[in-house]
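So the chains spell out like this:
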Amino acid sequence: MKASRLFKFLARYSPNLARISCCFASDRLYGGSLLESSLGCLAGCTPRLTHLTLLNVDVTDVVLQYFARHCPGLTHVAIGRTENNAFGNFVTAAGLVSFFEASPGLLALDVLAPESGPGSGCLSFEACFALAANCSKLKVLRLSEELVSRGVLDDACLAVIGRGCTALQALELVQALELVQVEVSDSLMLKVDGTVLQFHLTATLQQCPKLSKLSLVGYQGSVDELLGSLAATGAALSHLNLQHSQASDAGLQLAAAAFPKLASIYLSYCRNVGDHGLLQLLALPHLEELDLYNTPCVSAAAVAKLARYCSSLQRLYIGHSTSALHRLPATAPAMGYINGSSSSSRYSSSSSGGSSSSVWGAVNEAANCRRGGKVAVLCRNPSSESEFEKRTLQTLMARRAPNNVPAPIMAMYYGQRASEGGLIISEATAICPEAHGYPQVPGIYTAEQVEGWKPVVQAVKAKGGLFLCQLWHVGRASHPDYQPGNALPVSSSAVPIGEGFEVYTPKGGPFKYPTPRALDASEIPAIVQAYADAARNAIAAGFDGVEVHGANGYLLDQFWKDSTNSRTDGYGGSDENKARLLLEVMEAVAAAIGPARVGLRLSPYNSFLDACDSVERAVEKNVWLMKALEARVPGLAYMHMVEPRLAGGNAEVEPRLAGGNAEVEGLIDHSLEPFRQASSLPFLAAGGFKRDDGIAAVKDGKADAVVYGRYFISNPDLPKRLAVGAELAPYDRDSFYSFGEQGYTDYPCMQESS
């Protein structure tokens, strides 16, 4: 159909059109008639039009006048050509002046004009003046970079626009020939066909305090000075593009401090940005997207740390070629260990930059950064059985609890993995405000958190599953930034976590763990009460029971382990005293909701967060503890222990070594058997089980049930697969703890994957 006939048809039958977008249309193909009459007819019959895009269309001054006169609600207009040989844009400077004078409601304007041909000089100083004088509401202006390179659009034009369009939030330059968006800056160098173009827009920026997007693509001047100048205007940047520029660590530090609302930052080919500058971005609470494509001075370890602790990050781009850019969502705690750089993945890997460490090396770094109850895992290269249908699931998921309240996607995740009679244990859940030490950890101590958990629990109950809430207090594994009133974290003793561990907070990092404050004996009853209250809240949320987290170097483990408890009062010294807090907590929780609803997780051989016992002491102490528990708190639901092959926290010992740590090499000769024999409780074992050894552990009586984690991520129907001997879908370590659905709720069930 001819373009003119189409427009007339739309005018007749679509009077309520609000948006029109037309590209590549010319009646010159049909005998030379112009589109003026048909477009004019369309304009006259669509008074509700708000968005008009006419690119590579035979547009004239008359056409613009039609739309300005008949469509008073126009707010978004794009005209021009994206190719030298394309149709149209016969608009003149006088035509634009008239259009701007009749369109005071414009909010967004695109004017594209390649190097030569009709319309190439339409945006004159007079047109810019008319735009500034009449369109004060304009928020977004996109102009052809070619207009600048040919001198049509100069400093005076841009300064006039800046002074008149006081609401301007984004001023962008577009390479029309390639449709590549390049936003303007104070002093921006662009390389177009090998020619370096430089222009200064200081006056414009100084007149745009509402600017929210800024790009310095290719800028070879001082980025630090420019950002400092912009910060002085009070601009609230949300988008910063520094690709190919001379951005430095100092510039990133300044940006992180001056523009806390930054949500996206692009640093590809920034060869002066290093680890220090990158980690300053941890101070940005809203950062969602970060481009680190080809940043040779950024190490894989720094990428891992950023991905692990930047809780808002959703897309991280790394790689060496644009075709190989990969989305790297933010990470968060979970079980598992990245053991080397040869992990298979659903996604191809690539180096993270000039560093010799690969992306998988960064993943390994992330895993080493947070072992213990959960392990941080870096995601790819922009948030668990005696009988098969009665299994235990130790959930592996990203922290998806903004403001420490469970998010809706958690209901989908847990619901996918629930089954009739199946038992699921939640991720570690804070019992009180002081219990936090990681970002976006869910809690169970406020009414809002209880309500947030209810749909998650219901998703499990709808499948006939059982659901326990894991109660957690991190103790000294925290930082004042997480504590109410910026207080010091608490512990059994004023003994800091060693040099091998670091903490990141919403304000940045890495930081050394501070020396904690030893809890006074008079404060301990409140801790015990917090556990009991959290257990009641869990029942109120619909959970079937709770698991007390007494493992992995957190508060209860800090009282229990020899290396962390140097107290001389009734909570230190003898094994009985060191176990006192744990036993009091178990008694209080059992009294609150009934012992049959309460389980306990321990890690006798674990040395995470410098909380450890010798192997001999671990066996001696925990055999005693099994008997003491049954005497003090009879009728508990179960005992859950971590295998010695996860001795270094959750560092999977394959082959039976925890990261080559000589101190734990002998652990392969030890097992959970002494504790199994000492306890009459149902016994759960966790730690790197696959199908055959999981079945063997139950068959041989080493455990009543085994706890699965990683394979339950990639196999939502794991019990069914184990029951029928089906092949297990491989898990993608790199997407374990990403935000969003990918690598979390998008794994198929057996019938779907087959």
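Residues numbered from 1 in each chain as written. Predicted model: local features only at pLDDT ≥ 70, side-chain atom pairs only at ≥ 80, totals over all residues. Heavy atoms only, no water.

1. Considering the overall build of the protein chain
Looking only at helices and strands, the protein chain features 25 helices and 27 strands. Across the 754 residues of the protein chain, 58% fall into the buried class. A total of about 26700 Å² of accessible surface is found on the protein chain, and carbon and sulfur atoms cover 52% of it. (Helix = DSSP H or I, 4+ residues; strand = E, 2+ residues; numbered from the N terminus. Buried < 20%, exposed > 50% of the residue type's maximum accessible area, 1.4 Å probe, protein only. Areas by Shrake-Rupley, 256 points an atom, 1.4 Å probe, with all protein chains shown as cover.)

2. Some words on the layout of surface pockets
Counted as a void, the second largest pocket has a volume near 490 Å³. In the lining of the second largest pocket, the residues fall into 12 nonpolar, seven polar and one charged. (1 Å grid on protein atoms, 1.4 Å probe; cavity = no way out; pocket = protein on both sides within 12 Å on 5 of 7 lines; lining within 4 Å. Points joined across faces, edges and corners; volume = space filled by probe spheres on them. Nonpolar A, V, L, I, M, F, W, Y, C, P; charged D, E, K, R; others polar.)

3. Section: the packing of aromatic side chains
The final tally for this structure, using the stated rule, is 13 aromatic pairs. Ring centres of Tyr438 and Trp472 lie 5.8 Å apart, and the angle between their planes is 5 degrees; on these two criteria the pair is classed as stacked. Pair noted here: Tyr438 is in the loop between strand 17 (423–430) and helix 15 (447–461) and Trp472 is in strand 18 (residues 466–472), with a separation of 34 residues, a long-range link. Like Trp472, Tyr438 is buried. With a centroid separation of 5.2 Å and an interplanar angle of 85 degrees, the aromatic rings of Trp472 and Tyr554 are classed as edge-to-face. Of this pair, Trp472 sits in strand 18 while Tyr554 sits in the loop between strand 23 (545–549) and helix 17 (555–560), and the two are 82 residues apart along the sequence. (Phe/Tyr/Trp six-rings, centres within 6.5 Å; stacked < 30°, edge-to-face > 60°.)

4. What about the pattern of salt bridges?
For the structure shown, the criterion picks out 19 salt bridges. One salt bridge in this structure joins Asp569 and Arg567, with 2.7 Å as the shortest N-O distance. Here Asp575 ties to Arg617 by a salt bridge, and the two come within 2.7 Å at their closest N and O atoms. Residue Asp575 is located in helix 18 (residues 575–578), and its partner Arg617 is located in helix 20 (residues 615–632); the two are separated by 42 residues in the primary sequence. Relative accessible area serves as the criterion here: at 14%, Asp575 is assigned to the buried category. Each of Asp562, Asp575, Lys578, Asp613, Arg617, Glu620 and Lys621 takes part in salt bridges that share partners, so that together they form one network. (Salt bridge = Lys/Arg side-chain N within 4 Å of Asp/Glu carboxyl O.)

5. Examining the environment of Thr75
Looking at where Thr75 falls in the secondary structure, it is placed in the loop between helix 3 (61–70) and strand 3 (76–80). On the basis of relative accessible area, Thr75 is assigned to the buried category, the value being 17%. Measuring from C-alpha to C-alpha, the distance between Thr75 and Leu107 comes to 5.0 Å, with 32 residues separating the pair along the chain. What Thr75 contacts, discounting residues up to four positions off in sequence, is Thr50, His51, Gly105, Leu106, Leu107 and Ala108. At 2.7 Å, the side chain of Thr75 and the side chain of His76 are in polar contact. (Contact = heavy atoms within 4.5 Å. Polar contact = N/O pair within 3.5 Å; in protein donor to acceptor, adjacent residues only side chain to side chain.)

6. Section: the confidence of the model for the protein chain
Predicted confidence across the protein chain gives a mean pLDDT of 74, with 70% of residues reaching 70 or more. Note on residues 175–203: pLDDT under 50 across the span, and 95 contacts to partners over four residues away in sequence or across chains. (pLDDT = per-residue confidence, 0-100.)

7. Considering the pairing of strand 4 (residues 108–112)
Within strand 4, five of the five residues are buried, which leaves it mostly tucked inside the rest of the structure. Residues of strand 4 alternate between two faces, with Ala108, Asp110 and Leu112 on one and Leu109 and Val111 on the opposite face, all of them buried. Taken together, the five bridges between strand 3 and strand 4 define a ladder with parallel strand orientation. The partner of Ala78 across the bridge, within strand 4, is Asp110. (Pairing = 2+ DSSP bridges.)

8. Some words on the side chain of Arg567
Note on placement: Arg567 falls in the loop between helix 17 and helix 18. With relative accessibility at 10%, the residue Arg567 sits in the buried group. A polar atom in the side chain of Arg567 sits 2.7 Å from the side chain of Asp569. Non-local contacts of Arg567, meaning those with residues more than four positions away in its chain, are made with Ser491, Ser492, Ser493, Leu519, Asp520, Ala521, Ile524, Phe559, Gly572 and Gly573.

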